[in-house]
Amino acid sequence: MMKYKCLLMLGMLFCFAGSAPAQFRYDTLTKAFNVEGVTVDGRAYRLYDSQAEHIIVCFWSVDCGYCHDFLRMLRRHVDLQNDYELVTFALADNPKQVRRKTRRMRLPGWHFYDEAGWDSQPFLDYDVTSTPTILLIDKDKNIEGIAYDWEEFEEMKAGNNQ
């Protein structure tokens, strides 16, 4: 199965085969950054207040079909109501676009949009350079792992359930 990554360059979204850069600032970071703000639905959220056993943080683009595939697989195969909480940061033209896409995918969770896009604080904090980028965070807000596609996410999730 070919893996595709999406990257925004010069205002254009490119998807390419291969793996994303391995050197990230959070490679040495054990604690997740606190995220707080208002979602595209108008709900207040603060990551450090979450009581979830596991939090999935997904950086994605509304224009990335590969991101949509990952999010659909996540919705179908992961209990996002009980076992996992989902927090997403979307690259989009506006918050309505994010609301529309997440509703169309029937995607539960906390969905954020920032007009700064790649320069928004969460993207900068985690040095996100491609979409999708997925973090798995435990109940103590420690980063358990990072994945760039469904297969890597499944391996990461299985490794953390042992």
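Residues numbered from 1 in each chain as written. Predicted model: local features only at pLDDT ≥ 70, side-chain atom pairs only at ≥ 80, totals over all residues. Heavy atoms only, no water.

Draft legend 1. Region of the structure containing the nonpolar core. The biggest cluster of nonpolar side chains holds 25 residues, and the ones touching the most others in it are Ile-56, Trp-60, Phe-70, Leu-71, Leu-74, Val-78 and Phe-153. Secondary-structure elements contributing two or more residues to this core are β5 (54–61), α1 (65–77), β6 (84–91), β8 (133–138) and α4 (150–160). In terms of residue count, α1 provides more of this core than any other element does, five residues in total. Discounting chain neighbours no more than four positions away, the residues touching Phe-153 are Ile-56, Phe-70, Leu-74, Val-78, Ile-134 and Ala-147. Among the nonpolar cores identified, the runner-up in size contains 20 residues, and Ala-32, Phe-59, Val-87 and Phe-89 belong to it. (Core = buried A, V, L, I, M, F, W, Y, C linked by side-chain atoms within 4.5 Å. Buried < 20%, exposed > 50% of the residue type's maximum accessible area, 1.4 Å probe, protein only. Helix = DSSP H or I, 4+ residues; strand = E, 2+ residues; numbered from the N terminus. Contact = heavy atoms within 4.5 Å.)

Draft legend 2. Region of the structure containing the environment of His-77. Relative to the assigned elements, His-77 resides in helix α1. With 77 residues separating them along the chain, His-77 and Glu-154 place their C-alpha atoms 9.8 Å apart.

Draft legend 3. Just the confidence of the model for the protein, in detail. In this model, the protein carries an average pLDDT of 84, and 80% of its residues clear a pLDDT of 70 or more. With pLDDT under 50 throughout, residues 1–28 is counted as low confidence; its partners more than four residues away or in other chains account for 62 contacts. (pLDDT = per-residue confidence, 0-100.)

Draft legend 4. Inspection of the environment of Val-40 at higher detail. Tracing the sequence through the fold places Val-40 in the loop between β3 (36–38) and β4 (44–46). Once the C-alpha coordinates of Val-40 and Asp-114 are considered, the two residues, 74 residues apart in sequence, prove to be 9.5 Å apart. Those residues within four positions of Val-40 in sequence are excluded, and the remaining contacts are Pro-95, Val-98, Arg-99, His-111, Phe-112 and Tyr-113.

Draft legend 5. Focus on the packing of aromatic side chains. In this structure the tally under the stated criterion is 11 aromatic pairs. When the ring of Phe-70 is compared with that of Phe-153, the centres are 5.7 Å apart and the planes differ by 90 degrees; the resulting orientation is edge-to-face. Pair noted here: Phe-70 is in helix α1 and Phe-153 is in helix α4, with a separation of 83 residues, a long-range link. For the pair shown, Phe-70 and Phe-153 are each scored as buried. (Phe/Tyr/Trp six-rings, centres within 6.5 Å; stacked < 30°, edge-to-face > 60°.)

Draft legend 6. Local environment of the pattern of salt bridges. Across all of its chains, the model carries four salt bridges by this definition. Between Arg-46 and Asp-49 there is a salt bridge, with its nearest N and O atoms 3.0 Å apart. Among the residues examined, Asp-49 registers a relative accessible area of 48% and is labelled partly exposed. With its nearest N and O atoms 3.6 Å apart, the salt bridge here joins Glu-154 to Lys-157. Here the residue Glu-154 and the residue Lys-157 both occupy positions in helix α4, the gap between them amounting to three residues, near one helical turn. (Salt bridge = Lys/Arg side-chain N within 4 Å of Asp/Glu carboxyl O.)

Draft legend 7. Highlighting the pairing of strand β7 (residues 110–113). Strand direction decides the pairing type here: β6 and β7, joined by four bridges, are parallel. Following the sheet pairing, Thr-88 is matched in β7 by His-111. Between β6 and its parallel partner β7, the chain crosses via helix α2 (residues 95–104), and the hand of that crossover is right-handed. (Pairing = 2+ DSSP bridges. Right-handed = clockwise from strand over helix to strand, strands pointing away.)

Draft legend 8. Spotlight on the sheet that holds β5. With mixed pairing, the five strands of this open sheet are ordered in space as β7-β6-β5-β8-β9. Strands at the two margins of the open sheet, each flanked by one partner only, are β7 and β9 (143–147). Here the strands of the sheet are splayed against their neighbours by 15 degrees on average, with no regard to which way each runs. As defined by bridge partners, β5 adjoins β8 across six bridges and the pair is classed as antiparallel. From the neighbouring strand, Ile-56 faces β8, where its bridge partner is Leu-136. Along the sheet face, α1 touches β5, β6 and β8 and points at about 155 degrees away from the line of β5. Seen against the sheet, α2 touches β5, β6 and β7 and runs at an angle of roughly 150 degrees to β7. (Axes fitted to C-alpha atoms, helices over the stretch in contact; angles between N-to-C directions.)

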